[in-house]
Structure formats: C-alpha cells, structure tokens
Amino acid sequence: MANARLLHATLRRIQACPECWNQMTYRRRDQGCFAYHAALLAGAQLARPNPVIAGSDGSVIGSNHSTELVFNEAARALGFAEGDTISIPAFARKALRLTVREAAELFDALNTLADLERFVRRYARTDECT
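Procedures and definitions
Residues numbered from 1 in each chain as written. Predicted model: local features only at pLDDT ≥ 70, side-chain atom pairs only at ≥ 80, totals over all residues. Heavy atoms only, no water. Helix = DSSP H or I, 4+ residues; strand = E, 2+ residues; numbered from the N terminus. Buried < 20%, exposed > 50% of the residue type's maximum accessible area, 1.4 Å probe, protein only. Core = buried A, V, L, I, M, F, W, Y, C linked by side-chain atoms within 4.5 Å. Contact = heavy atoms within 4.5 Å. Pairing = 2+ DSSP bridges.

## A few points about the environment of Thr99
Okay, so step 1: Counting through the fold element by element, Thr99 comes out in the loop between helix H4 (88-96) and helix H5 (100-106).
Okay, so step 2: The class of Thr99 is partly exposed, set by a relative accessible area of 40%.
Okay, so step 3: Sequence separation between Thr99 and Ile14 is 85 residues, and the spatial gap between their C-alpha atoms is 22 Å.

Here you go:
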C-alpha cells in the first residue's frame, strides 16, 4: 500500500508553494516536480545541491539539473546500497511505496495540480487532499 502520509504531505507542500513546483522537470534551479518534493520530504539529499554551476572565477556556467542523490540514512532505509546511483524518481517511488505504473502516472510531466490531487486520492485511498 502507498505511503499516504508522504503523498498528502507532498501535495500540501506543492499547494503551499506553487512557485516551487514544476512538473515538467525533476529538478530545475529551486523548482521540481512531485517526485522531487516527495524525495526531499522523505530525507533525500541532493548530490549537487547548488542550483547554479559556477566557473572558477565565479561566473555562471549553467544550471544544475542533476537528479542524482547521495547515499544517506534515508536511502539506506529504503533499501539502497552504498555505491548505488540514486535518482530522484527512484528514491521518491520507493519512499511513496508506489508501483512502477503508479509512479509513471504520478510523475508524468503533463500532470496538472488537479491530476496530482486525483492521483493522491487514488493511491492513498482517501478523500483527504488538503
């Protein structure tokens, strides 16, 4: 069964800060999709936390859109092993306890906020979405 608590907490986080939500990408600057927010709430640590990649002179080279996470206690608790390459969607899927199909539906880039609310209700098997 899905992790209803984390599903609802993630949705509430997105509803409270819609400017931090961008369903079109796992991570872009300080924005991210449902999987990104779920992973962070579940204890994930970004491997490259700085949203901007800077040159040695401090100039901006580009934006860091890395989906890679570091191995930490939260990752260990989800069954990842040291040395594993851990991505935002893989971590979020395990933390949310979703099937591959459910994660694909929920993490789809074209989902609207209404879609996310509907999926959270379905996967958490509850009407509580606020």
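## Considering the nonpolar core
Okay, so step 1: By size, the foremost hydrophobic cluster in this structure holds 33 residues, and its most contacted members are Leu7, Phe34, Phe91, Leu96, Leu98, Leu106 and Phe107.
Okay, so step 2: Sorting the residues of this core by element identifies helix H1 (4-16), helix H2 (34-41), helix H3 (73-77), H4, H5 and helix H6 (113-124) as the ones contributing at least two each.
Okay, so step 3: The contacts of Leu96, once residues within four sequence positions are left out, are Ala2, Asn3, Leu6, Leu7, Phe34, Ala38, Leu106 and Phe107.

## Quick look at the pairing of strand E4 (residues 60-63)
Moving residue by residue along a regular strand, the side chains alternate between the two faces of the sheet.
Okay, so step 1: In this sheet, E4 lies alongside strand E3 (residues 52-54) in antiparallel orientation, the contact comprising three bridges. The residue of E4 that forms the bridge with Ile53 is Gly62.
Okay, so step 2: Hairpin connection of E3 to E4: five residues between the antiparallel strands, including Gly58 at a positive phi of 90°.

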